Amino acid sequence: MKYIPFGSTGLTVSELGFGGIPIIRLDEKSALAVLHRAYEAGITLYDTANLYRDSERKIGMAFAHLRDKVVLATKTFRRDAAGATEQLENSLRVMKTDYIDLYQLHQISQDEDWDKATAAGGVLKAVVKAKEQGKIRCIGVTSHNLAMAVKLVKTGLFGSIQFPFNFIEDAAKGELHSAARERGMGILAMKPFAGGMIDNARIAFAFLRQYPDVLVLPGFDSPERVDEVVSLYQQPHTVSDADIQRMERYHQELGKQFCRRCEYCQPCPQGVMITSAMGYKVIAARMSPKVAVEFTKVAMESVAQCTECRECVDRCPYDLPIPDMLKEHYGLYERHKSESLS
Ligand code: SF4
Ligand code: SF4
């Protein structure tokens, strides 16, 4: 495992990170086994979020005795200072630490999010103050909206940007990554498997390792999965012609029928949380159906408000049949809900 500077933030991180979502579905003992295997394999960067249920707590338990050996990253979804401060204090408590290395504003994708974050009483002032107090070493931001992510990077206010990046969703390699590099920002890649759409780890990482300053955050749900991915980092990473053809096949097979979570379709006049609901199938596959039902409840219940007006369809750059797809996801959610109640 190589260790590289995280932009010019002063942090040094392993070339491969750890995404904190899949450990949600593991019991405590199994989660600790995965986290410790990752650490033994040389992974030092652990990324989680207040939103990820008990993921912060499990990471805190795993590394309380190794605090100075790991780089801990978490996030707040709150846009107001009071809410964000409460979440930060909670993160510090459950992660058993007195500082977070990288604290990120989670999913700033709409103008409305940014307006709230930067308003008087918004989250931005709170995190700057927490940094001055030594509770945060670096402030970062995450987004799924390319135009917004570029805008956030260009504000010069953040030390890092986290955005989806994989061979299916590679738009970030253009202006976004260039603008972040120019500013010495750390670059994090979420969703290396395109939210579960890519099932070939070798090709996924062969593509990603062409960008050695982009820190990839795969989620792991077993020690064996850690070993599998880490072993890829011990091998040469050339992308062959056959790999390029395989990537092309993924593009063709997936076609336009999957949601890239860009959020251009929002807002829905009926308040349907389209992007979150469009991810239900993948979330159910990654977590257990029971946890997925709880985790997505607010978003999935909002689908019932859909009047099929198709405003979202007009705005989706991928021409997805959103109301039909929502109905399909909602049907699956309802089935999982009734199964988890029985
Ligand atoms: S079709 Fe449904 S989800 Fe799309 S904008 Fe209209 S009400 Fe909202
Ligand atoms: S439904 Fe379309 S516009 Fe909405 S987030 Fe998904 S890909 Fe983007």
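Cut-off values and rules
- Residues numbered from 1 in each chain as written.
- Chains lettered and ligands numbered in written order.
- Predicted model: local features only at pLDDT ≥ 70, side-chain atom pairs only at ≥ 80, totals over all residues.
- Heavy atoms only, no water.
- Helix = DSSP H or I, 4+ residues; strand = E, 2+ residues; numbered from the N terminus.
- Buried < 20%, exposed > 50% of the residue type's maximum accessible area, 1.4 Å probe, protein only.
- Contact = heavy atoms within 4.5 Å.
- Areas by Shrake-Rupley, 256 points an atom, 1.4 Å probe, with all protein chains shown as cover.
- Domains from an automatic or database assignment.
- Buried area = accessible area lost by both parts, 1.4 Å probe.
- Salt bridge = Lys/Arg side-chain N within 4 Å of Asp/Glu carboxyl O.
- Polar contact = N/O pair within 3.5 Å; in protein donor to acceptor, adjacent residues only side chain to side chain.
- Nonpolar A, V, L, I, M, F, W, Y, C, P; charged D, E, K, R; others polar.
- Axes fitted to C-alpha atoms, helices over the stretch in contact; angles between N-to-C directions.
- Parallel < 35°, antiparallel > 145°, perpendicular 65-115°, else oblique.
- Left-handed = near helix turned anticlockwise from the far one by under 90°.
- Phe/Tyr/Trp six-rings, centres within 6.5 Å; stacked < 30°, edge-to-face > 60°.
- Lys NZ or Arg CZ within 6 Å of the ring centre and 35° of its normal.
- Core = buried A, V, L, I, M, F, W, Y, C linked by side-chain atoms within 4.5 Å.
- Pairing = 2+ DSSP bridges.
- Near = heavy atom within 4 Å.
- Lys, Arg positive; Asp, Glu negative; His and termini not counted.

J.: Even after reading the chapter, I still don't get the overall build of the protein, so can you show me in this structure?
T.: Within the protein, the secondary structure is distributed over 16 helices and ten strands. By the burial criterion, 54% of the 342 residues in the protein qualify as buried. The long-range fraction of contacts in the protein, counting pairs at least 24 apart against all pairs at least 6 apart in sequence, stands at 75%. Entry remark: accessible area of the protein is about 15100 Å², with carbon and sulfur atoms responsible for 51%.

J.: What exactly am I supposed to notice about the domain arrangement of the protein here?
T.: A common way to report how large an interface is uses the accessible area buried once the components associate. Assigned domains of the protein: these are domain 1 (3-245) and domain 2 (274-341). Between the C-alpha centres of domain 1 and domain 2 the distance comes to 25 Å. Together domain 1 and domain 2 conceal approximately 790 Å² of surface at their shared face, both sides included; 64% is due to carbon and sulfur atoms. Taken together, domain 1 and domain 2 are joined by one salt bridge. With a shortest N-O distance of 3.1 Å, Glu294 and Arg53 are connected by a salt bridge. The interface formed by domain 1 and domain 2 holds one residue pair in polar contact (both at pLDDT 80 or more) in total. The class makeup of the residues in the side of domain 1 that touches domain 2 is four nonpolar, two polar and two charged.

J.: Can you walk me through the packing of helix α8 (residues 201-208) against helix α9 (residues 223-232) in this structure?
T.: For any two helices packed against each other, the geometry is given by the interaxial angle and the distance between the axes. Across the interface, α8 lies against α9 with an axial gap of 10 Å and an inter-helix angle of 45 degrees. With respect to each other, α8 and α9 are oriented oblique. Both α8 and α9 take part in a crossing whose hand is right-handed. Facing α8, whose interface residues are Ala201, Arg202 and Phe205, α9 presents Arg225, Glu228, Val229 and Leu232. In terms of residue class, the contact of α8 with α9 is made up of four nonpolar, no polar and three charged.

J.: It is not clear to me how the packing of aromatic side chains should be interpreted in this structure. Could you clarify?
T.: Two aromatic rings are characterised by how far apart their centres lie and by the angle between their planes. Tallying each qualifying case throughout the model produces 14 aromatic pairs. Cation over ring: Arg67 sits above Tyr99, and NZ or CZ is 4.0 Å from the ring centre. Sitting over the ring of Phe77, Arg79 keeps its end group 4.7 Å from the ring centre.

J.: Would you take a moment to explain the nonpolar core for this structure?
T.: Nonpolar side chains in soluble globular proteins generally cluster together in the buried interior. Residues Phe18, Tyr46, Phe158 and Phe205 are the most contacted members of the largest nonpolar core, which totals 74 residues. If you tally residues by element for this core, the top one is α8, at six residues. Look past the residues within four positions of Phe18 in its chain and what remains in contact with it is Ile23, Val34, Leu35, Ala38, Ile43, Leu45, Tyr46, Asp47, Leu217, Pro218 and Phe220. Ranked by size, the runner-up nonpolar core spans 28 residues in total, among them Tyr52, Tyr280, Val313 and Leu332.

J.: Before we go on, may I ask you to explain the sheet that holds strand β3 (residues 17-19) in this structure?
T.: Where strands meet in a sheet, backbone hydrogen bonds hold them as pairs that are either parallel or antiparallel. Spatial ordering of the open sheet is given by β3-β4-β5-β6-β7-β8-β9-β10, a layout of eight strands whose pairing is parallel. Strand pairing shows two members of the sheet lacking a second neighbour, β3 and β10 (214-216), which therefore form its edges. The mean inter-strand angle of the sheet, taken between neighbouring strand axes irrespective of direction, is 25 degrees. Strand direction decides the pairing type here: β3 and strand β4 (residues 45-47), joined by three bridges, are parallel. What sits directly across from Gly17, in β4, is Leu45.

J.: Mind showing me how you'd approach the site of ligand 2 here?
T.: Close to ligand 2 lie 14 residues; Cys259, Cys262, Glu263, Cys265 and Cys316 are nearest. When the residues that make up the shell around ligand 2 are grouped by side-chain class, the tally is ten nonpolar, one polar and three charged.

J.: Explain the side chain of Glu56 here, please?
T.: In this structure, Glu56 sits in helix α2 (residues 55-63). Although Glu56 lies buried, it forms no salt bridge, and the closest oppositely charged side chain, Arg93, sits 8.3 Å away as judged by the N-O distance. A polar contact is formed between the side chain of Glu56 and the backbone nitrogen of Asn50, at a distance of 3.5 Å. When residues no more than four places from it in sequence are discounted, the contact partners of Glu56 are Thr48, Ala49, Asn50, Thr74, Asn90, Ser91, Val94 and Met95.

J.: For this particular structure, what's the right way to read helix α6 (residues 146-154)?
T.: For the α-helix, the turn length of 3.6 residues means that residues three or four positions removed from each other point alike. Considered for burial, the residues of α6 that qualify are Met148, Ala149, Val150, Leu152 and Val153. Next to the buried residues of α6 lie α4 (111-118), β7 (136-142), β8 (160-164) and α7 (175-182). Sitting at the head of α6, Asn145 places a side-chain oxygen 3.1 Å from the backbone nitrogen of Ala147. Backbone geometry just after α6 places Gly156 at a positive phi near 75 degrees.

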